[in-house]
Amino acid sequence: MTSTELTTQAHEAEIVTPDVTDDGLALLQKQAEALGAAHKIATVLCSTGMVPQAYRGKPDDGAAAILYGAEVGLKPQQALQQVFVVHGQPSIYARTMVGLLKARGYRFETVDTSDESVTVRATSPRGEVEEATWDIARATKAGYTSNKKYTTDPQGMLYAKAASEVSRKIAPDVLLGIRYSAEDLELEPLPVRATAERVDRPRKGRSALDRAKKKPEPVQDDPQVKAAEGIEAAGDAETLDKILNWAANQGLTAGQLDHLQDLAAQRATALGLTAEEA
């Protein structure tokens, strides 16, 4: 064998030899193993009545929730109770955020609370202090008061807003960039459309006939909910732009439009669109 042949073989071997110590590959393998373990647990738990209705019979969704919960320090059973997907976004309750941070040495104090305003202060183990105040006026301006809980339990909802905001401000590294709590994203369900049922019962008089012919007026969908669902189902940047442009003309508040912009950005990321395309 000539020296030229030896050099050629050595060059080819150098090209095809894989780098089995690549950090990215190792991380991918660990994630695959974690997904398999999470799916086994979810398959068992999601077939019971011990999980929320959203996960029953859905081990794939349950596995995703378990993996997401593990990232922020929740055990599998806790993750299935505390992690929710609202409009395609994983989120946790404000009280869960507070609990996770307290377990790491953060201190929380409710400075002021009423049905009109709630202020929460947080202190990190290093002594850093953050404070957040939410009142009905701010929640209304941001469009959150469409949730009926702001009427039935305003103090609880305002606390959730203040607590989640101060948690994200003081410990973004722990919460992995969670932008909304479950309370933020829980909107009113889509209204049920009215339907008419014909009743073959003789009625007297012209007015009765007119009433029978009159069609019930349909209930209009909430434009924010409708836009959020459209964004979640969008498959390209053009569709996302059309939905956002439509939403901008529906009389939504600045806070609601910002929320839809965030959803669109996350959908664009999920679709692998570049910044220019999105």
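For the structure itself, look to the data block above.
Below, the structure is looked at part by part. In this text, all values refer to a predicted model and were calculated from it rather than measured experimentally.

1. Here we look at the overall build of the protein chain
Stage number 1. What the protein chain contains, in helices and strands, is 14 helices and 5 strands.
Stage number 2. Across the protein chain, contacts joining residues at least 24 apart in sequence account for 56% of those joining residues at least 6 apart.
Stage number 3. Of the accessible surface of the protein chain, which amounts to about 17,500 Å², a share of 53% is contributed by carbon and sulfur atoms.

2. Examining helix 8 (residues 154-170)
Stage number 1. For helix 8, built from 17 residues, the straight-helix expectation of 24 Å at 1.5 Å per residue is met to within 8% by its first-to-last C-alpha distance of 24 Å.
Stage number 2. Of all the 17 residues making up helix 8, 13 are buried; the element is thus mostly covered by neighbouring parts of the structure.

3. Looking at the pattern of salt bridges
Stage number 1. Counted by the stated rule, this structure contains 6 salt bridges.
Stage number 2. For Glu131, the salt bridge identified is with Arg121, shortest N-O distance 2.9 Å. Taken as a pair, Glu131 in strand 5 (residues 129-135) and Arg121 in strand 4 (residues 117-123) lie far apart in primary sequence, 10 residues in all.
Stage number 3. Relative accessible area serves as the criterion here: at 28%, Arg121 is assigned to the partly exposed category.
Stage number 4. Taking the shortest distance from any N to any O, the salt bridge between Glu238 and Lys242 comes out at 3.5 Å.

4. Considerations on the pairing of strand 3 (residues 107-113)
Stage number 1. The pairing of strand 3 with strand 4 spans 6 bridges and is antiparallel. In the sheet register, Asp112 faces strand 4, and the bridge partner there is Thr119.
Stage number 2. Counting the residues in the hairpin turn of strand 3 and strand 4 gives 3 residues.

What counts, and where the lines are drawn
Residues numbered from 1 in each chain as written. Predicted model: local features only at pLDDT ≥ 70, side-chain atom pairs only at ≥ 80, totals over all residues. Heavy atoms only, no water. Helix = DSSP H or I, 4+ residues; strand = E, 2+ residues; numbered from the N terminus. Contact = heavy atoms within 4.5 Å. Areas by Shrake-Rupley, 256 points an atom, 1.4 Å probe, with all protein chains shown as cover. Expected span 1.5 Å × (residues − 1). Buried < 20%, exposed > 50% of the residue type's maximum accessible area, 1.4 Å probe, protein only. Salt bridge = Lys/Arg side-chain N within 4 Å of Asp/Glu carboxyl O. Pairing = 2+ DSSP bridges.

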